[in-house]
Amino acid sequence: MVNSKSEPKMTEIESRSLANNYNDIHDDSLGDVLILDSTLREGEQAPGVSFTMRQRLQIAWMLDYFGVDAIEISPIISPDHKESCKRIIKAGLSANILAHVRALPEDIDVALDCDAKWVAIYHSVSDIHLKHKLRISREEAISRSVNAVEYAKSHGLRLRFTVEDASRADPSFLKIICKEISDAGADRISLPDTLGILRPIGMYNLVKTVRDVIDTPLDVHCHNDLGLATANSLAGFEAGASQIHVTINGLGERVGIAPLAEVVVALTTIYNKKLKVKLDMLKELSDLIEMYSGVRTPESKPLVGVNAYKHKAGTHVAAIIRNPAAYELVPPRAVGNRRRIIFGELSGKHGAAFLLRVLGLNSSMEEAVKLAQGLKRLRCGDLFELSLSEELEGEALKVEDKF
Ligand code: HCA
Ligand code: CU
């Protein structure tokens, strides 16, 4: 775990927030938001990913310690998954553990067998899924869904019902089936953009459409096929959804869903939400899942990627040395990442002065200028980078004092 002593104070993060008011939220009704992590269910649906039982348990423990509100896992994939689900439920974590099952009594029995308290039941609602995947009518979809809800409720389960492919369903049918599911006693309803076809205003409208007919709390589950998953999830929250589905690194079927790090940091910074999560574990969680999933995290991944806190252009480095907030939304330590300075062709005199200082060469600005010129003359692009420990950052400020 990251040393809590080095964790920046929330005020340090807040003080970096935007100086203007473009992000101000004029709708006071925006309430609290819950985070559901589906790394163990949706995440394992990512191509090439399969966790071991021990890994699943460790991931659940870490997510719980990190502070997510709910963890979703599928007990119906294999006996191994069922055993994992059982053990995770038995571990007595603070987060709600949801067993993700089809709208079938035999699947709900599997969840009961695992001693689940919460079940996440899913059934498709779009005509294309009803006609071509399930080959059933809309009426049949309603009766299967309602039966499943009644069956789960009669066994004392709390339940979330997912209307799969909601974004492609006929809105009038979507309203009808959501009302039926809600009247049958569902505790929450999840509205997924299963194919990632919506833009933010589209997700907003989807949530509002359902919100207008039922009071049941809503989840949003946004796929990233067009790279809009985070934006769409936040738009769904603005429309009244109170739980956002994420996975670590955004893993999931095809190209995945909204990534945990981006969603929680966006909520903290640009929505000013006080989440109970330990933001400084984000990089560690990302690295763990990169290792266990075998899916390499792109260097350019926001917040947790290795490039997220690299500074290169001379003018940027000069500003970073004076005040890192000039080019960083949140400090790297806040998310467990590291700041790095790249030296090479693009370096300027301030970067060069900093380099001389950390090398123990107490030289003048004249020499720093010569060094920067030398680095440019080499024409080697990026030569090397320094990963900044707190001690080295202190050296940076001393350079400032001097020049
Ligand atoms: C699936 C479909 C799902 C369900 C989402 C949810 C989707 O793979 O089972 O249960 O909230 O994207 O529609 O992931
Ligand atoms: Cu999904």
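Residues numbered from 1 in each chain as written. Chains lettered and ligands numbered in written order. Predicted model: local features only at pLDDT ≥ 70, side-chain atom pairs only at ≥ 80, totals over all residues.

On to the site of ligand 1. Around ligand 1 lies a shell of 13 residues, among which Thr162, Ser190, Pro192, Thr194 and His221 are the nearest. Those elements giving two or more residues to the shell around ligand 1 turn out to be strand S4 (118–124), strand S5 (158–164) and strand S6 (188–193). Residue composition of the shell around ligand 1, by class: three nonpolar, seven polar and three charged. (Near = placed C-beta within 6 Å. Helix = DSSP H or I, 4+ residues; strand = E, 2+ residues; numbered from the N terminus. Nonpolar A, V, L, I, M, F, W, Y, C, P; charged D, E, K, R; others polar.)

Turning our attention to the pairing of strand S7 (residues 218–222). By the criterion of burial, S7 is predominantly enclosed, with five of the five residues buried. On S7, burial covers both faces: Leu218, Val220 and Cys222 on one face and Asp219 and His221 on the other are all buried. Pairing of S6 with S7 involves five bridges; the strand directions are parallel. By the bridge assignment, Leu191 is partnered in S7 with Val220. For the crossover that starts at S6, traverses helix H8 (residues 200–211) and ends in the parallel S7, the hand is right-handed. In this region the chain leaves S7, passes through helix H9 (residues 229–238) and returns to the parallel neighbour strand S8 (residues 243–246); the handedness of that crossover is right-handed. (Buried ≥ 20, exposed ≤ 12 C-beta atoms within 10 Å, placed from the backbone. Pairing = 2+ DSSP bridges. Right-handed = clockwise from strand over helix to strand, strands pointing away.)

Moving on, we come to the sheet that holds strand S9 (residues 310–311). Strand pairing in a sheet relies on backbone hydrogen bonds. The paired strands run either parallel or antiparallel. Strand order in the open sheet formed by three strands is S9-S10-S11, and the pairing between neighbours is mixed. Of all the strands in the sheet, just S9 and strand S11 (382–388) have a single pairing partner and so form its edges. Two strands pair when backbone bridges link them, and strand S10 (residues 339–344) and S11 are joined in this way by six bridges, in the antiparallel orientation. The residue of S11 that forms the bridge with Ile342 is Glu385.

One can read the domain layout of the protein as domain 1 (31–293) and domain 2 (309–402). Here the C-alpha centre of domain 2 lies 43 Å away from the C-alpha centre of domain 1. On the domain 2 side, the residues contacting the nine residues of domain 1 number seven residues. Listing elements by their share of the side of domain 1 that touches domain 2, those giving two or more residues are helix H10 (260–269) and helix H11 (282–293). In terms of residue class, the side of domain 1 that touches domain 2 is made up of five nonpolar, one polar and three charged. (Domains from an automatic or database assignment. Contact = placed C-beta atoms within 7 Å.)

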